[in-house]
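# Understanding the architecture of this molecule
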Amino acid sequence: MTTASPAARRSNTTRSARTPRTAHSARSARGADAARVLEADVVVVGARCAGAATALLLARAGHDVLVVDRASFPSDTISTHVIARSGMVALHRWGVLEAVVASGAPPIRRVEFTSALGFLQREVKDRHGVDFLLAPRRIVLDGVLQRAAREAGARIRTGVAVTDVVHDAQGRVVGVVGQDEGGPVEVRARLVVGADGLSSRVARAVGAPLTIVRPASGAAQYAYYDGDWTAIEHHLGTNAFAGVFPTHDGQACIWVCTPEDAARASRRQRRDPADAFDDLLASAVPGLAARVDPGARRSPVRGMLRMPNHFRQASGPGWALVGDAGYHRDAVTGHGISDAFRDAELLAGAIDAAMSEPDCETAALAAYGQERDRLAAEVFEITCALSTFPEQGRFLQLQKQLAVAIDVMAGEMAARPLPRASEFAA
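Residues numbered from 1 in each chain as written. Predicted model: local features only at pLDDT ≥ 70, side-chain atom pairs only at ≥ 80, totals over all residues. Heavy atoms only, no water.

## A short note on the nonpolar core
The criterion, for reference: Each nonpolar core is a collection of buried residues, namely Ala, Val, Leu, Ile, Met, Phe, Trp, Tyr and Cys, held together in the definition by side-chain atoms within 4.5 Å. Accessibility here uses a 1.4 Å probe with only protein chains present; expressed as a share of the type maximum, an area under 20% marks a residue as buried, one over 50% as exposed, and anything in between as partly exposed. Numbering of helices and strands starts at the N terminus; helices are DSSP runs of H or I of at least 4 residues and strands are runs of E of at least 2. Contacts are assigned to residue pairs that have any heavy atoms within 4.5 Å of one another.
Within the largest apolar cluster, 90 residues are counted, with the highest numbers of intra-cluster contacts made by Leu91, Trp94, Leu145, Phe241, Phe341 and Ile351. No other element matches helix H11 (residues 336–356), which puts 11 residues into this core. With near-sequence residues (within four places) excluded, Leu91 lies in contact with Ile83, Val96, Leu97, Val100, Leu145 and Phe341. Listed in part, the 23 residues of the second largest apolar core include Val43, Val162, Val185 and Val192.

Right, dumping it as structure tokens:
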């Protein structure tokens, strides 16, 4: 992958017509003594799944990691909830799976699939040390990962809104600047990791270009309901895919994916998102809708009415992206958390190598991007195909391909060594 010039990296930022902001000019712009300065080997911007997992693995490898996030935790976020086998294998390998279960996330050992072509049921088999799935609330899962990262030695500072990156005179990213309740803050670091989601400030600040783009055509909405939910359920309707993910507190995340235009049409017809959601369920998957009591709803309806499908350049001089900041796909396959865990592990290995052998930084970060793209490719293409809602026979065929692809990925990740300093050192 070709590294973009400093000018190209700035092309997507609000300061595209200006010279690169260096550490000196950034401090001068704020006043000579206005900003508090912090230092770390790595600063991770974003403390949710991707960022907390990256920090956990780097801290365990002995690196000084500072995580910053504009949110105050515990804090919820829009999420696909379910953790596929590849993500479960990661939690197991990292030694945090038991903590997630102890938080009250119910182990799920049965998956059901209902369509016009019939009903399928399967038990979750024991593979790679995992014989169940989870669909935890993010308000809980993110906290479990953050605690594990802190226990490993990472520092986490919340309420810090990163506003820009800092470049040195050669154009390398050498830190970030932002604000917290105490005023301006600057963090100087050898590497900056953007784990700050789909609207990543870090990705915009470094001008990370999109490298693969597919049409964005799908919408996903969900809410939490009380009830006796014991299995992951998938219900395929006409131009709709809906289901049930049992989660914390005796509740389930009940969700529906549709084409974007269908979701927007329902919102125009019924101004209340909850009413629009009920209508979508009733028209698209009446069998599931008949079992959902609107009076048992315990949350507002949340989701996205338009979900991009793209890859961004994964890294450059002094920076890297992980999670939705670097790679985003439609929620129809529910693989976002598992993608974040995979990429956190890949990136932590690359950064560990770069920290231990600085001369291999460019090769290590480039290898991270190549591996991310390779491992994500099949699920990405299947996701894009599913998000067009093909006829049911084709949809089911793609679902079977997805299951195989996830198991293959889980096996490959399970066989990899956890991040170690010599991984990319030749």
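## As for the sheet that holds strand S3 (residues 110–115)
Note the cut-off: Whether two strands pair depends on DSSP finding at least two bridges between them. Axes here mean lines fitted to C-alpha atoms, for a helix over just the part in contact, with angles spanning 0 to 180 degrees between N-to-C directions.
Sheet architecture is open: 7 strands sit in the order S4-S3-S11-S12-S13-S10-S14, paired in mixed fashion. The outermost strands of the open sheet, each flanked by one partner alone, are strand S4 (118–123) and strand S14 (302–304). Averaged over all adjacent pairs, the angle separating strand axes in this sheet is 15°, with direction ignored. Bridge analysis of S3 against S4 gives 6 bridges, and the strand direction is antiparallel. For Arg110, the partnering residue across the bridge sits in S4 and is Glu123. Against the sheet, helix H9 (residues 273–284) contacts strand S10 (218–226), strand S11 (232–237), strand S12 (240–246) and strand S13 (251–259), and its axis sits at roughly 75° relative to S13. Contacting S3, S11 and S12, helix H13 (residues 392–415) crosses the sheet at an angle of about 160° to S3.

## A closer look at the sheet that holds strand S9 (residues 210–214)
Judged by pairing direction, the sheet is antiparallel, and its 3 strands sit side by side in the order S9-S15-S18 without closing on themselves. Strand pairing shows two members of the sheet lacking a second neighbour, S9 and strand S18 (327–328), which therefore form its edges. Sheet topology note: the S9/strand S15 (residues 309–312) ladder contains 4 bridges and is antiparallel. By the bridge assignment for S15, Leu210 is matched with Arg312. On the sheet, helix H12 (residues 361–386) packs against S9, S15 and S18 and is oriented at approximately 165° with respect to S15.

## Things to note about helix H8 (residues 260–269)
Inclusion rule: This arc is taken over the directions from the axis of the helix to the C-beta atoms.
Here H8 has its buried residues at Glu260, Ala263 and Ser266. Buried residues in H8, looked at end-on, bunch into an arc of 135°, giving them a common side. Facing away from the buried surface of H8 by more than 90 degrees, the exposed residues are Asp261, Arg268 and Gln269.

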